[in-house]
Amino acid sequence: MEIKEERSSEEARQFFPSSQLDSVGEPQFTSIQRIANEPKLEFSLACKDLVAAGRDRKLSAFVQVSVAHPAEPVVTRHSSTEIVEGTKDPLFLTGVTFPPEYPIYEETKIKLTVYDVKDKSQDTVRTSVLPDHKEPRADVGRSFLGCATFRVGDLVKSKEQQLTLTLRTSDGGKTVGTIEVNLMKMGELDEGETDHITADTQDQKCALVRECTATEGIGGKDNLPSLNAVLRNPVCKLYRFPTADNKWMRIREQMAETTLSFHVPKELINLHIMEDMRRNQELKDLGELAPHWDNMRRSVIAHCDQMLSMYQDTLAELGKHTGSSFKSSCSKGEKTLEFIPVNLHLQRMHVHSPRLKDALYDVITVGAPAAHFQGFKNGGLRKLLSKFEAERRNTGYQCIYYSPENTAKAKEVLSNISHLQPLISSHADLLLSSASQRSPDSLKNSLKMLSEKTELFVHTFKDQLVRSALLALYTARPGCVLKKAAVPRGSAEEGADAQHQDHPSQMKRQDSIPHHSEYDEEEWDRVWANVAKSLNCLIAMVDRLLEKDNTSMKEGENEPPAEDGKVLHTGGDWHEQLYPLVITLKDCMAEVVTRARQSMAFVLLQELACGLPQCLMLTLRRDIVFSQALAGLVCGFVIKLHTGLHDQGFLQQLHTVGLLVQYEGLLSTYSEEAGMLEDMAVGISDLQKVMFKVIEAKSEDFLPIITGRREHYVIEVQLPAKMFELLPQEIKEGKLLHTYPVLFNVGINEQQTLAERFGDTTLQENINQENLELLKEYYKLFTEKMPPDCLPHFQEQNDLKGLLESLHQNIQAKKRKNVEIMWLAATICRKLNGVRFTCCKSAKDRTSMAVTLEQCSILRDEHQLHKDFFIRALDCMRSRQAQGALTDSADPETGCLTDNKPTSRHFYPVALLLVSSHLLVVWLILSLALLLAKYQ
């Protein structure tokens, strides 16, 4: 019986047998859910003996799958297969899958409609334009052949889990062939049954045997809660491809959004706001400054407050965001979304092949991290930072120049102060508490912790930068007059030497400010040394108290009880004896903190003042790019950790060496994309300051927690208790895990052809060479720290050495569009258990082409994909019809409709160009260049 496309509510009720209606008339449906988080239903299709409408051509058929939901009176289009050309017995490699959340029951009916495609290009464009209940006109490039309908329950309960249906015309009369529906179950045993199907494609006959072996599951049910917190809206596709020995292998391809696209940037912006608020307060706490420096401070604070307000507004706008979990390419230029990565998705390929264990291959796809809203008129971060640093070195007398290394050191000192001071204070209080309780063991432990933190605190200030900054700050106080300039320019090292050459006796002050004294360079050494001396006194007192306690205990064993009371009374004085020393330690520490904080804040004041407002704008741009890059990195780390939980070799590599993260860039070095590549290179390089820490989740919220500051971030990844127990002891104890990001870029589009012929590719060459050295360093670390037999991948070390050498040669060759660099880098990354990223401008066309080619190459090299089916498998994965018949003018990931573009865009109107002979020459040159790029 053919399903009608439109039904009234009364007709819909008659659709079900009376046994399916409950007491109040509501239908009852039978669920077919099998395994949590697994597709509810998957099946493959094949047609036989199709009859063409005309006998003058061979058939090119595809099947459109529609679903009639039991509770709804309409038929909904679900998916389509690929087009199989030139045969009346098409075997479709693209299967049909229904995700776990799909409302499908045994009572659900599925309609299979077979079409003959006359013009493949036209049909691809117009497939989704037509309603499901209307047949296409002859001029759209395809014709209706026949259709068939079946109940899901009939397929699931069939003995052979296979149905053979008759295809009939729309009036139900003429038979045009048959269609076979085979139920598919990834990784399940078929109990020895085989399904011999002959594929007559491109004049070849290949007997395909459906035979699978049981395999271990990739992930357990315990992984689901934490993964579901990160991944959203998965889109699944199913394929079956033949192997070299004529057996089926099954591939489930999955694409998922991630909540981290918005979660990570919001966490990061919140950290930026808190960090900038602390910096502004530190600038205000510098105290009284001379008029020149005070005006400078006011200007800096005004600019910083304006920038802070911008961050707060952005965070507020992101908090209002609802809907999709990713930013589409249509929105990459929106200011409110500039911190969000473009099209961040997980692309996963799950392969089940005969006599081989299941395998997962993950690639994170994302648009190149770049500040699209700010534009690339003046280049990207790589060029802008270099230019800014050169200009800052040549600043006038208004401010002092400190190198980027010294300003980073100043930020580190301030961060250590904020971190260590409260820790030392709390440990000192714990020491007094232990003394009050007269507990020797607790006293020793408290003293040990206090000593360790205080030694770190003292070591922080053993730096020439603090001393030179204190002198510079002294000269900036009102009333301080030097006989010769003591505030130098140039490098920080030169400044430090010059400042030491200026003896304090050369500084003069006005008599009207009596609270100023002559600056003593050695005073700072005495101040921070007093902290260490106070700690030594405290240690000595504790040792004496413990020694006296031990002596009293030994004497008390032979003394009468009255004497014991005296011992107890003596022990009760511990708190009184330690309290003054603890207060002294805290006072000395407070004095050091005040001076060091002001001196380092003065260094930051110089950094900001020397480059207003460019400094803040560059910081903003860098924050934007880093935010996009970090969101992808966190997503990749979380996914890799989940898939490698049962791999002890990988876990050992993770905490011993670190995680390799390889970015495959497909940007050209021409026009705006050159600026994007510069942004991307800096953003990925900044990921080196990110470390990960795995913690046990204390609630149902498994989203990562971000802490730190701009120069150092720690990402805390939360795992459920059962998964956390699988980790090595080192990771469970909180060891920080390092990441090693590398970027290799090869432009592949027509703009890269222009850059190679008429432009410059130095940027790409430099980036590839620099990152090759980083990759070699990681490999060296691995070979030094990991045992040779730790992982199966490394039993043949010569393979990796050969790949690295080949990569080095290809980078040095400077060959045009050398995609071999991409393949070698990706292979090395997979062999080193790394995380793979593929990026282009928007993570759409070039990225999808690269990912599908990589997937098919893996199937050929690792899973014995039949060589005659490589191109067809690639076409299946790239087919838009298999993705639900999207129009050619629709963005496959964003849903944004664009105007249909002509096939030849470089032929400009000749009539306009004939107005000027110069324009005609330009037109001829451009047209020739673009033609060469297209047909190269």
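Here the structure is a predicted model, which is why all the values come from computation and not from measurement.

K.L.:
I keep staring at the overall build of the chain and nothing clicks. Help me out?
P.N.:
Looking only at helices and strands, one finds 27 helices and 23 strands in the chain. Burial statistics for the chain: of 936 residues in total, 52% are counted as buried. Across the chain, every contact between residues at least 6 apart in sequence was considered, and the portion connecting residues at least 24 apart equals 74%.

K.L.:
Is there a simple way to think about the environment of Gln606 in this case?
P.N.:
Turning to its location among the elements, Gln606 is positioned in helix H14 (residues 574-609). As a C-alpha pair, Gln606 and Val300 span 306 residues in sequence and 9.5 Å in three-dimensional space. With residues up to four places along the chain from it excluded, the contact list for Gln606 reads Trp293, Met296, Cys399, Ile400 and Tyr402. Of note is the side chain of Gln606, whose polar atom sits 3.1 Å from the backbone nitrogen of Ile400.

K.L.:
What should I look at first to understand the sheet that holds strand E15 (residues 359-367) in this one?
P.N.:
Within a beta sheet, neighbouring strands are joined by backbone hydrogen bonds and run either parallel or antiparallel to one another. Spatially, 10 strands are ordered E12-E13-E14-E15-E23-E18-E22-E19-E21-E20 in an open sheet, and the strand pairing comes out mixed. Edge positions in the open sheet fall to strand E12 (231-242) and strand E20 (705-709), since each of these has one partner strand only. Pairs of neighbouring strands in the sheet enclose a mean axial angle of 25 degrees, with direction left out of account. In the packing of helix H23 (residues 820-831) onto the sheet, the strands contacted are E15, strand E18 (659-665), strand E22 (737-745) and strand E23 (835-840), and the crossing angle to E18 comes to about 160 degrees.

K.L.:
Could you clarify how one ought to interpret the pattern of salt bridges in this entry?
P.N.:
Where charged atoms of side chains with opposite charge meet at close range, the side chains can pair. This structure, assessed with the given rule, holds 28 salt bridges. A salt bridge links Glu607 to Lys411, with the nearest nitrogen and oxygen atoms 3.9 Å apart. On the criterion of sequence distance, the pair formed by Glu607 in helix H14 and Lys411 in helix H8 (residues 404-437) is long-range, its members being 196 residues apart. Residue Glu607 is classed as buried on the basis of its relative accessible area, which comes to 15%. Residue Lys411 is classed as partly exposed on the basis of its relative accessible area of 22%.

K.L.:
Sorry, what's going on with unusual backbone geometry here?
P.N.:
In terms of backbone geometry, most residues other than glycine have negative phi values and most peptide bonds are trans. Residue Leu612 is joined to Pro613 through a cis peptide bond whose omega torsion reads -10 degrees. If you trace the backbone, Pro613 turns up in the loop between H14 and helix H15 (614-643). Although it is not a glycine, Ser671 adopts a positive phi angle of roughly 60 degrees. Tracing the sequence through the fold places Ser671 in the loop between E18 and helix H17 (672-686). By relative accessible area, which is 52% here, Ser671 ends up exposed.

Each value, and the rule that gives it
- Residues numbered from 1 in each chain as written.
- Predicted model: local features only at pLDDT ≥ 70, side-chain atom pairs only at ≥ 80, totals over all residues.
- Heavy atoms only, no water.
- Helix = DSSP H or I, 4+ residues; strand = E, 2+ residues; numbered from the N terminus.
- Buried < 20%, exposed > 50% of the residue type's maximum accessible area, 1.4 Å probe, protein only.
- Contact = heavy atoms within 4.5 Å.
- Polar contact = N/O pair within 3.5 Å; in protein donor to acceptor, adjacent residues only side chain to side chain.
- Pairing = 2+ DSSP bridges.
- Axes fitted to C-alpha atoms, helices over the stretch in contact; angles between N-to-C directions.
- Salt bridge = Lys/Arg side-chain N within 4 Å of Asp/Glu carboxyl O.

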